[in-house]
Amino acid sequence: MEEKTIDLAAIRSRLARCQGKEYWRSLEEAARTPEFEEFLHREFPQQASEWKEQFSRRSFLSLMAASLALAGVTGCATKTAEKIVPYVKQPEQMVPGRPLFFATATLLSGYATGVLVESHMGRPIKVEGNPDHPASLGATDAFAQSEVLSLYDPERSQTILNRGQVGTLESFTREVSAALEKSPKGATVRILTEAITSPSLSQQLKDFIARYPEAKWHQYEPLSLDNARAGAQRAFGEAVNTIYKIKEASVILSLGSDFLFELPGSVRYAREFALRRKPEQPMNRLYALETALTISGAMADHRLPLRPAQIEAFARELAQELKVPGVQASAAPSGVPEKIRSALVQDLQRNRGKSLIIPGAQQSPLIHAIAHALNHALENTGKTVLHTEPFDASAADQMQSLRELVGDMKSGKVEVLLILGGNPVYTAPADLNFAEALASVGLRVHLSQYNDETSYFCHWHIPQTHSFEAWSDARAFDGTITLLQPLIAPLYNGKSAHELLAVLMGNLSATSHELLRGFWSRQNLPGNFEDAWKQSLHDGLIKDSALPEKKVSLKENFDQAETRSTEQARTDALDIVFAPDSTLWDGRFSNNAWLQELPKHITTLVWDNAAYISPQTAERLKLSNGKMVEIEYKSRRLSAPVWIVPGQADNTVVLTLGYGRSRGGRVGQGSGYNANLLRTSVAPWSDAGVKLTPTGEHVKLAATQTHHNMDDRELVHVGTIEEYQQNPNFIHTH
């Protein structure tokens, strides 16, 4: 469909004349332009099968088919060497046509979600949720479903590379060992990992540090929980892990939290939230205050779009209304109407012990601290919100840890850097200049599934195993220890982080199975170890390993005087907001064609990202969908197309991570913009002072929202609880 400027004023005028609510799927549909009507009546738009870009739709389908074909070829001969335990009892001999199911887990930002993987003749082909796992309850998300395609991706790294040339494990071991010998205490040695919750891998890293006591281990996760950790430290004087009991909450307030998608326990939270939305029982009520329209916000009974500073101001106003001690009054009004604020306060007060305040992972530490204080004042602690000891291997601020590593590299203090997973050259904030600092390190090693941006800057690249190819463990959102068992032998002779660390410690032949089993044999599992081990593999978790609840006390006067800059308080100034991509996360899934083809939350864009703005902001800046703009922030510039999102806060620009890849596979590289080029370590989530300048260019963006003509039928049938209770089938009479 030809992109034309949408008359937003005309849309507002038409909707104002409607009797009752009218539902529409896009601004184009709400406008009811002749071009849109003509587009709907053509089942296939012209040239839909051909892409003008270098990577055609045919190429995409060919590569996707290659992944599936590889699943058929590799499964014929590459079973694991060790015995793995199926989830259900099966005959001793494998029966053709009859699948086996194995309990294992998928990992995202270090946290485990238990899954059952269906395997046919040694080939994993489908992922389902593990009903016995607390993070799953039998459900999965899109990332877990995509893992089978990632496993069979033919563009995964297949060869050890030494300075761009094919290398061997033996020559790698010799060079690294020689470098470590030059620093017997490890003063010039650094390790950089993603977030680690694995008990066994954490122990291996600690053993390495014990051998090289002056070495340092750094962790960095692009979508970290640093602000949540800092907020707990501020509220309680110590870091804690926070768990929400969604099913116990009758009233939920989201302070910028997409808790149905972005939190470590979101799969479970979504299941529990849905259970309380059935009209046969008392339903919960969700209030959402957020900048960008999210899946959680779309589910809310009451939702308001607010700028980041307004969310903080409202948190203060709410604390004042509820007489929460230690929280200062807001310096500026939040803009939330008194009627809504008063109704929320009454709702929360009526549901003490049955309400819940959830701050967004990207919200400031102060908002997290105020949320803790609100939950404490509403008697929710211990009922709808629980706290445990932190279980990530390092409770340090990850951004500060990365900043320290970059400083050491720039000052010449690092001669050996081991990067185990992750892609910091791509994901690190722009102000740290990670690639420039990395170039000053004498020996650089990268363990990764793809020969990506970071691998390009390293002397050695080691192919990493997929989570379905290696033994390991990790903790779920509540601390439950989850076991990962392989479904297939490594397709490309990769190494796991366990095995690479063993090599560095001189154990060249150790397998991930031996390392994992050996660790847990020393951990005093209940009863006979063999029986407990076999049962744990069958279940996919170690029974009763969730961390116990930790009692915490709220600090007095935790709210120190903090104000936003006057520039951010101005109504016409633009705020910049960074967010995870709903299909690519932080970019780690960018070479997964199925996820690229999967429509984004809310916008339904595919194969691209955009700079999201509200209709009012678009109208003020004279922008329309697909118009290219130059985004200027902190003297850095980036070009991106805009996309108008009804429901987004005015005067905000939301940028999603995960695109703009330059290496790592033909599917992922070259599409979209890299938001990390504007992101800073000081304000990684939001800030003021961004400027948009139209470039005069225009690009077409693919979105699925406007497909399929409804022939004037209602998109949604709506009724009240009272109507449903009187006639459960009333919806069919509309």
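Residues numbered from 1 in each chain as written. Predicted model: local features only at pLDDT ≥ 70, side-chain atom pairs only at ≥ 80, totals over all residues. Heavy atoms only, no water.

Asker: Looking at this structure, how should I read the environment of Ser-157?
Answerer: Relative to the elements of secondary structure, Ser-157 occurs in the loop between helix 5 (142-151) and strand 4 (161-162). When the C-alpha positions of Ser-157 and Asp-452 are compared, they lie 9.1 Å apart, and in sequence the two are 295 residues distant. Apart from residues lying up to four places away in sequence, Ser-157 is in contact with Ser-448, Gln-449, Tyr-450, Asn-451, His-461, Pro-463 and Tyr-492. Of the polar contacts made by the side chain of Ser-157, one reaches the side chain of His-461; its length is 2.5 Å. (Helix = DSSP H or I, 4+ residues; strand = E, 2+ residues; numbered from the N terminus. Contact = heavy atoms within 4.5 Å. Polar contact = N/O pair within 3.5 Å; in protein donor to acceptor, adjacent residues only side chain to side chain.)

Asker: Explain the packing of helix 11 (residues 308-321) against helix 12 (residues 338-350) to me, please; I cannot follow it from the model alone.
Answerer: When two helices pack together, their arrangement is given by the angle between the helix axes and by the axis-to-axis distance. As a packed pair, helix 11 and helix 12 sit with axes 11 Å apart at the nearest point and diverge in direction by 55 degrees. With respect to helix 12, the element helix 11 is oriented oblique. Regarding helix 11 and helix 12, the two cross each other, and that crossing is right-handed. Contacts between helix 11 and helix 12 involve Phe-314, Glu-317, Leu-318 and Glu-321 from the first element and Glu-338, Arg-341, Leu-344, Val-345 and Leu-348 from the second. Across the contact of helix 11 with helix 12, the residue classes tally to five nonpolar, no polar and four charged. (Axes fitted to C-alpha atoms, helices over the stretch in contact; angles between N-to-C directions. Parallel < 35°, antiparallel > 145°, perpendicular 65-115°, else oblique. Left-handed = near helix turned anticlockwise from the far one by under 90°. Nonpolar A, V, L, I, M, F, W, Y, C, P; charged D, E, K, R; others polar.)

Asker: Explanation requested: the packing of aromatic side chains in the structure shown.
Answerer: Each pair of aromatic rings is reported with the distance of its centres and the angle of its planes. Within this structure, the stated rule accounts for 13 aromatic pairs. Relative to Phe-457, the ring of Tyr-456 lies with its centre 5.6 Å away and its plane at 85 degrees, an arrangement referred to as edge-to-face. Overall, the relative accessible area of 55% leaves Tyr-456 in the exposed class. An aromatic cluster is built from Phe-143, Phe-261, Trp-585 and Phe-589, whose rings are joined through pairwise contacts. The ring centre of Tyr-426 lies 4.9 Å from the NZ or CZ of Arg-661, which sits over that ring. (Phe/Tyr/Trp six-rings, centres within 6.5 Å; stacked < 30°, edge-to-face > 60°. Buried < 20%, exposed > 50% of the residue type's maximum accessible area, 1.4 Å probe, protein only. Lys NZ or Arg CZ within 6 Å of the ring centre and 35° of its normal.)

Asker: Looking at this structure, how should I read helix 7 (residues 199-211)?
Answerer: Count 3.6 residues to each turn of an α-helix, and residues three or four apart come out pointing the same way. Spanning 13 residues, helix 7 covers 19 Å between terminal C-alpha atoms, matching the ideal 18 Å at 1.5 Å per step. Among all positions of helix 7, only Pro-199, Ser-200, Leu-201, Ser-202, Gln-204, Leu-205 and Phe-208 are buried. (Expected span 1.5 Å × (residues − 1).)

Asker: What is the right way to look at the environment of Thr-106 in this model?
Answerer: Summarising the element assignment, Thr-106 is placed in strand 1 (residues 100-108). Sequence spacing of Thr-106 and Phe-143 is 37 residues, and the spatial spacing of their C-alpha atoms is 8.5 Å. Setting aside chain neighbours within four positions, we find Thr-106 in contact with Tyr-111, Ala-112, Thr-113, Val-115, Ala-144, Glu-147 and Phe-468.

Asker: Please clarify how the confidence of the model for the protein should be interpreted in this entry.
Answerer: Low pLDDT means the predicted atomic positions in that stretch should not be read closely. For the protein, the mean per-residue pLDDT works out to 88, and 84% of the residues sit at or above 70. In the predicted structure, residues 47-52 sits below a pLDDT of 50 and forms seven contacts with residues beyond four places in sequence or in another chain. Taken as a whole, residues 563-569 scores under 50 in pLDDT and shows 15 contacts with residues more than four places along the chain or in a different chain. (pLDDT = per-residue confidence, 0-100.)

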